[in-house]
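Results of the structural survey
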Amino acid sequence: MKLGFIGMGNMATALCRGFLAAGVPAGEVCAFDPAAEKLSAMAEELGITALPSERAVAEWADMVLVACKPYHVEGALQAMGDALSGKALLSIALGWDHAKYRALLGENVRVQFVMPNTPAMVGEGMFLFEATTSFTAEELKFAKALFSDIGAVEVLPTQLMGIGGALSGCGPAFVDLLIEAFADAGVLYGMPRDQAMKLVSQTVKGSAKLQQETGLHPGVLKDMVCSPGGSTIRGVAALEKNGYRAACIAAIEAIMKS
């Protein structure tokens, strides 16, 4: 199935690299981006086909991946016009869910909305597939396989895509703040910053992997580290005193109420 990218920013480039590394033939991938020189250099490096317009991509590809900025989507759809007819449209543009596309495209373009996150750039993405889709079973299987090779895929009903995006889409920023804060604590006590960040980042990575692979509740894993009267439980008490968990919940509430 030939795949065409509309927009080749950081996220689209990361996805493209991941798909190619996972075995998608470069000869079956094309792309358009207004930054023609940048696109040309990237296409030469990756071995994909650079095309001069959105319409050219729609004519060439079986599945079009819309990865431009959300405010450019409508213009891109107009540029592709009837070349999209009968095609599959896969979109990672924020806010452009199935219903929004359907209102503009009608029934002759099949649509699947996917919400990615920035860890996709290192092959550890969390990809939320909107359950409402008009993809064929074959197209959906192909799309899920693409994203599964560079992270994890979860299917969510439309009404949960908002909270899902708050957790996995905004979540990396909150984890980055945590890493920075604990690294600052290391620096406060004399540790070089790069070394402190390495310790904290690996601890975050390892803790997440431990939870995923064991399936244990985070509270159980926390208790495994907290000896009675020990240093860890003192730290946990200090975090609770300062509203650690309440602050995390409040962050998500702020997003959902915005």
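Everything in this summary refers to the structure shown in the same document. (Residues numbered from 1 in each chain as written. Predicted model: local features only at pLDDT ≥ 70, side-chain atom pairs only at ≥ 80, totals over all residues. Heavy atoms only, no water.)

Remarks on the overall build of the protein
Regarding its fold elements, the protein presents 12 helices and 8 strands. By principal-axis analysis of the C-alpha atoms, the protein measures approximately 70 × 40 × 30 Å. When the 258 residues of the protein are sorted by exposure, 36% land in the buried category. Residue pairs in contact within the protein that sit at least 24 positions apart in sequence constitute 61% of those at least 6 positions apart. (Helix = DSSP H or I, 4+ residues; strand = E, 2+ residues; numbered from the N terminus. Buried < 20%, exposed > 50% of the residue type's maximum accessible area, 1.4 Å probe, protein only. Contact = heavy atoms within 4.5 Å.)

A short note on the pattern of salt bridges
Under the definition given, this model contains 9 salt bridges. In this structure, Glu59 engages Arg55 in a salt bridge whose closest nitrogen and oxygen atoms are separated by 3.1 Å. Placement of both Glu59 and Arg55 in helix H3 (residues 54-60) is noted, with a separation of 4 residues, approximately one turn of the helix. You can call Glu59 exposed: its relative accessible area is 52%. Of the residues examined, Arg55 reaches a relative accessible area of 33% and is grouped as partly exposed. In this structure, the salt-bridge partner of Arg102 is Glu107, at a minimum N-O distance of 3.8 Å. Assessed through its relative accessible area of 69%, Glu107 is described here as exposed. In the salt-bridge network here, residues are joined through shared partners; they are Arg55, Glu59 and Asp82. (Salt bridge = Lys/Arg side-chain N within 4 Å of Asp/Glu carboxyl O.)

Here we look at the packing of aromatic side chains
Under the counting rule described, the total for this entry stands at 5 aromatic pairs. Ring centres of Phe19 and Phe147 lie 5.4 Å apart, and the angle between their planes is 90°; this geometry places the pair in the edge-to-face category. Remark: Phe147 occurs in helix H6 (residues 137-148) and Phe19 occurs in helix H1 (residues 10-21); sequence separation between them is 128 residues. Like Phe19, the residue Phe147 is buried in the burial classification. With a centroid separation of 4.8 Å and 55° between ring planes, the pair formed by Phe127 and Phe147 is classed as tilted. Within this pair, whereas Phe127 is found in strand E7 (residues 125-130), its partner Phe147 is found in helix H6, the two being separated by 20 residues in sequence. In terms of burial, Phe127 and Phe147 fall into one category: buried. Taken together, the aromatic side chains of Phe5, Phe19, Phe127, Phe129 and Phe147 make up a single cluster linked through ring pairs. The ring centre of Trp60 lies 4.8 Å from the NZ or CZ of Lys2, which sits over that ring. (Phe/Tyr/Trp six-rings, centres within 6.5 Å; stacked < 30°, edge-to-face > 60°. Lys NZ or Arg CZ within 6 Å of the ring centre and 35° of its normal.)

As for the sheet that holds strand E2 (residues 29-32)
Pairing is mixed across the open sheet formed by 8 strands, whose spatial order is E3-E2-E1-E4-E5-E6-E7-E8. Looking at which strands have only one partner, the edges of the open sheet turn out to be strand E3 (49-50) and strand E8 (151-156). Note that strand E1 (residues 3-6) and strand E4 (residues 63-66) share 4 bridges and pair parallel. Paired with Leu3 across the bridge in E4 is Met63. Packed onto the sheet, H1 meets E1, E2, E4 and E7 and runs at close to 165° relative to E1. (Pairing = 2+ DSSP bridges. Axes fitted to C-alpha atoms, helices over the stretch in contact; angles between N-to-C directions.)

Some thoughts on a nonpolar patch on the surface
Taken together, the side chains of Leu216, Val220, Met224 and Val225 present a nonpolar region at the surface, about 350 Å² in accessible area. Residue Met224 is classed as exposed on the basis of its relative accessible area of 59%. (Patch = residues over 30% accessible without salt bridge, like charges linked within 9 Å, V, L, I, M, F, W, Y side chains within 5 Å. Areas by Shrake-Rupley, 256 points an atom, 1.4 Å probe, with all protein chains shown as cover.)

Some points on the packing of helix H7 (residues 161-169) against helix H8 (residues 171-188)
One way to put it is that H7 packs onto H8 with a least axis distance of 4 Å and a crossing angle of 30°. As the angle between them shows, H7 and H8 are arranged roughly parallel. Residues Ala166, Leu167, Ser168 and Gly169 of H7 form the contact with H8, whose participating residues are Gly171, Pro172 and Phe174. (Parallel < 35°, antiparallel > 145°, perpendicular 65-115°, else oblique.)

Here's the deal with the side chain of Asp33
Examined against the element boundaries, Asp33 turns out to sit in the loop between E2 and helix H2 (36-46). Comment: no salt bridge for buried Asp33; closest opposite-charge side chain is Lys38, at 6.4 Å. A distance of 2.8 Å separates a polar atom in the side chain of Asp33 from the backbone nitrogen of Met8. A polar side-chain atom of Asp33 sits 2.8 Å from the main-chain amide nitrogen of Ala35. Apart from the residues within four sequence positions on either side, Asp33 is in contact with Gly7, Met8, Gly9 and Leu39. (Lys, Arg positive; Asp, Glu negative; His and termini not counted. Polar contact = N/O pair within 3.5 Å; in protein donor to acceptor, adjacent residues only side chain to side chain.)

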